Amino acid sequence: MSYDTVIIGAGLSGLAAGIRLAYFDKKVCIVEKHNTIGGLNSFYRLRKRDHDVGLHAVTNYAEPGTKTGPLSKLLRQLRLRWDDFALCPQIESSIAFPGRTLRFTNDFEFFRQQVNELFPAQKDNFQKLLNLIDKHDELHLSSETTSARQVLGETISDPVLIDMLFCPLMFYGSATVGDMDFSQFVIMFKALFYQGFGRPLRGVRLILKNLANHFRRQGGELKLRCGVKQILTAGGIATGVELESGEIIEAKNVLSSAGSAETLRMCGDVPADFEQQNPPGEISYAETIFSLDCEPQDLGHNQTIVFYNDSDVFRYEPPSEPCDVRSGIICSPNNFQYGDEKLEEGRIRITALAKPSAWMGIPDEIYYPQKEEWCGKIVDSALRFMPDFRSHVVDTDVFTPRTITKFTGHANGAVYGAPNKIRDGRTHLDNLYLCGTDQGFLGIIGAMLSGITITNLHLLK
Ligand SMILES: Cc1cc2nc3c(=O)[nH]c(=O)nc-3n(C[C@H](O)[C@H](O)[C@H](O)COP(=O)(O)OP(=O)(O)OC[C@H]3O[C@@H](n4cnc5c(N)ncnc54)[C@H](O)[C@@H]3O)c2cc1C
């Protein structure tokens, strides 16, 4: 069987690329090594409870019917309806540093006011930053990078405001340690502050199932439990893939969402200096998920997401210990505006930076107690920024960089992939392309836009 394109991975980027190709009558097959779709943003069921793997919030929120912005662009490109994502807006989120909190909603003016009230001396400087953000072409596919720290350092003179801005933007979309490319900063600034957060009541399942059904309805084929062992090449081009089962799938093009190093390794001919020039990412997280016998709001917690940091300096780097509990993200999936409906039970998720090597390759008798120990430390730290919920916990789950690698294949459990992004999706082979995490558009909406962008650029000509 020969296809126009075989796509490696049924995460959000692979599914979006597949829909776009199938819509234009290309013969397309997505192969996914796991038994379900979604990759880094999948879902699972544990002890009779449904969980999302990665979903805190869908960024880039827009009201139904909005004509501009990333969300409406992607719905148009995928021929999906607003109801297919059914996003309900957040209540309110915050960035909490010692003695200072910046609150934000999906109304940017509220955030601007908050910045002006908390940092009155920075009012003009913040406006200068907004002007730079507004005129920046963040989606340009050139791979030139500019230090966001340098741009902000030249614009804003209060280092605490700079770090309060970096904290949520890095947590939700930086593959690089300590600093970000300014284009990525702008993408994330707009995604979080201009547009904001939303979530479907049924979580990421709803989005993923609608994407997969839409793909199949257009004639696309989706094969689960079909890991790619190698990308087949002949005469300098890719000719298809060989699955772990030995089955061969021939295709005119291969599009991979597995990551850049991971994809090149499947070709078996990684250039000698590639690994040195393209090190795997180091940013990974431990995620703790608590099911409660009440709603977080019953305990006085009405924030959707809290990005916290316990000093004036925010450090975004792999920690020296298994986790870094100085900062983190508290997320309550209950705290969205669901109207008359609500989630079946209360949930709190707390995320902290984790050191990949501390979790990989250790025996189970060390791994599981270590998970429990750090879960306790993460909660103790977060309780400085939220009400104590511990007596209401009815179930707990924790995952680590090791879990992320196991279920997605990303080296180091790197949530945002490698630091060097390949913006135009090209590889050393003319008809092998990358989309998703290592192309560089990150997050749920970013991954889908990445699949669409690379497909439009190379596969629909
Ligand atoms: C804990 C956590 C929290 C997050 N929270 C948010 C959030 O709140 N909001 C947000 O917008 N984003 C969030 N993200 C980020 C977001 O999930 C990702 O940016 C996005 O899902 C990446 O999609 P992708 O398609 O690029 O990659 P992936 O999801 O990694 O897809 C790649 C797919 O390829 C498959 N694959 C790999 N190798 C092979 C092979 N050899 N053969 C076949 N298949 C293969 C993998 O199994 C995987 O399904 C979070 C991520 C994590 C881990």
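The preceding data block contains the structure.
Below, the structure is looked at part by part.

Cut-offs applied
Residues numbered from 1 in each chain as written. Predicted model: local features only at pLDDT ≥ 70, side-chain atom pairs only at ≥ 80, totals over all residues. Heavy atoms only, no water. Helix = DSSP H or I, 4+ residues; strand = E, 2+ residues; numbered from the N terminus. Buried < 20%, exposed > 50% of the residue type's maximum accessible area, 1.4 Å probe, protein only. Polar contact = N/O pair within 3.5 Å; in protein donor to acceptor, adjacent residues only side chain to side chain. Near = heavy atom within 4 Å. Areas by Shrake-Rupley, 256 points an atom, 1.4 Å probe, with all protein chains shown as cover. Axes fitted to C-alpha atoms, helices over the stretch in contact; angles between N-to-C directions. Parallel < 35°, antiparallel > 145°, perpendicular 65-115°, else oblique. Contact = heavy atoms within 4.5 Å. Salt bridge = Lys/Arg side-chain N within 4 Å of Asp/Glu carboxyl O. Pairing = 2+ DSSP bridges.

**Examining the environment of tyrosine 416**
Take tyrosine 416: it is sitting in the loop between α13 (401-408) and β18 (432-434). Overall, the relative accessible area of 9% leaves tyrosine 416 in the buried class. Between the C-alpha atoms of tyrosine 416 and glycine 173, which are 243 residues apart in sequence, the distance is 6.7 Å. Engagement of the side chain of tyrosine 416 in a polar contact is seen with the backbone oxygen of tyrosine 172, the distance being 3.5 Å.

**Remarks on the site of the ligand**
Around the ligand there are 34 residues in total, and Ser13, Glu32, Asn41, Gly54 and His410 lie nearest to it. Take leucine 40: an N or O atom from its main chain is 2.8 Å from an oxygen atom of the ligand. The separation between an oxygen atom of the ligand and a polar main-chain atom of threonine 437 is 2.9 Å. Relative to its free-state accessible area of 1,000 Å², the ligand is covered by the protein chains to the extent of 97%. Contributing elements (two or more residues each) for the shell around the ligand: α1 (12-23), α13 and α14 (443-459).

**Description of the packing of helix α6 (residues 159-171) against helix α7 (residues 182-195)**
Close contact between α6 and α7 brings their axes to 9 Å; oriented N to C, the two are set at 90°. Comparing the axis directions of α6 and α7 gives the class roughly perpendicular. Residue-level contacts link Leu165, Phe166, Pro168 and Leu169 of α6 to Phe185, Met188, Phe189, Leu192 and Phe193 of α7.

**Some points on the pattern of salt bridges**
This model, assessed by the stated rule, comprises 25 salt bridges. Here glutamate 247 ties to lysine 223 by a salt bridge, and the two come within 3.8 Å at their closest N and O atoms. With glutamate 247 in the loop between β11 (237-243) and β12 (248-256) and lysine 223 in strand β9 (residues 221-223), this residue pair connects regions lying 24 residues apart in the sequence. For lysine 223, a relative accessible area of 22% translates into the label partly exposed. Taking the shortest distance from any N to any O, the salt bridge between arginine 349 and glutamate 287 comes out at 2.7 Å. Here glutamate 287 lies in strand β13 (residues 284-292) and arginine 349 lies in strand β16 (residues 346-354), a separation of 62 residues in the sequence. With respect to burial, arginine 349 and glutamate 287 carry one shared label: buried. Within this structure, Arg47, Arg49, Glu345, Arg347 and Asp395 form a network of salt bridges that share partners.

**A short note on the pairing of strand β10 (residues 228-234)**
With six bridges joining them, β10 and β11 adopt antiparallel strand pairing. Following the sheet pairing, valine 228 is matched in β11 by leucine 243. Linkage of β10 to β11, two consecutive antiparallel strands, is achieved through a turn of two residues, within which glycine 235 is found at a positive phi near 55°.

**Quick look at the sheet that holds strand β14 (residues 305-309)**
The strand order across the open sheet formed by seven strands is β7-β6-β14-β15-β16-β13-β17, and the pairing between neighbours is mixed. A single partner strand is all that each edge strand has here, and the edge strands are β7 (100-104) and β17 (393-399). For this sheet the average axis-to-axis angle between neighbouring strands, irrespective of direction, equals 20°. Examined bridge by bridge, strand β6 (residues 93-97) and β7 share five bridges and lie antiparallel to one another. Considered in β7, the bridge of alanine 96 is made with threonine 101.

**Here we look at the environment of arginine 47**
Within the fold, arginine 47 resides in the loop between β3 (43-46) and β4 (49-52). As a C-alpha pair, arginine 47 and phenylalanine 336 span 289 residues in sequence and 25 Å in three-dimensional space. Once you skip the residues sitting within four places of it in the chain, arginine 47 turns out to touch Asp395 and Thr396. Here the side chain of arginine 47 touches aspartate 395 through a polar contact of 3.0 Å, side chain to side chain. A distance of 2.9 Å separates the side chain of arginine 47 from the backbone oxygen of threonine 396, its partner in a polar contact.

**Overview of the side chain of glutamine 122**
When you line up the elements, glutamine 122 lands in the loop between α3 (108-118) and α4 (123-135). Note on glutamine 122: relative accessible area 5%, which makes it buried. A distance of 3.0 Å separates the side chain of glutamine 122 from the side chain of asparagine 125, its partner in a polar contact. For glutamine 122, the residues in contact, after removing those within four places along its chain, are Ile156, Ser157, Asp158 and Leu161.

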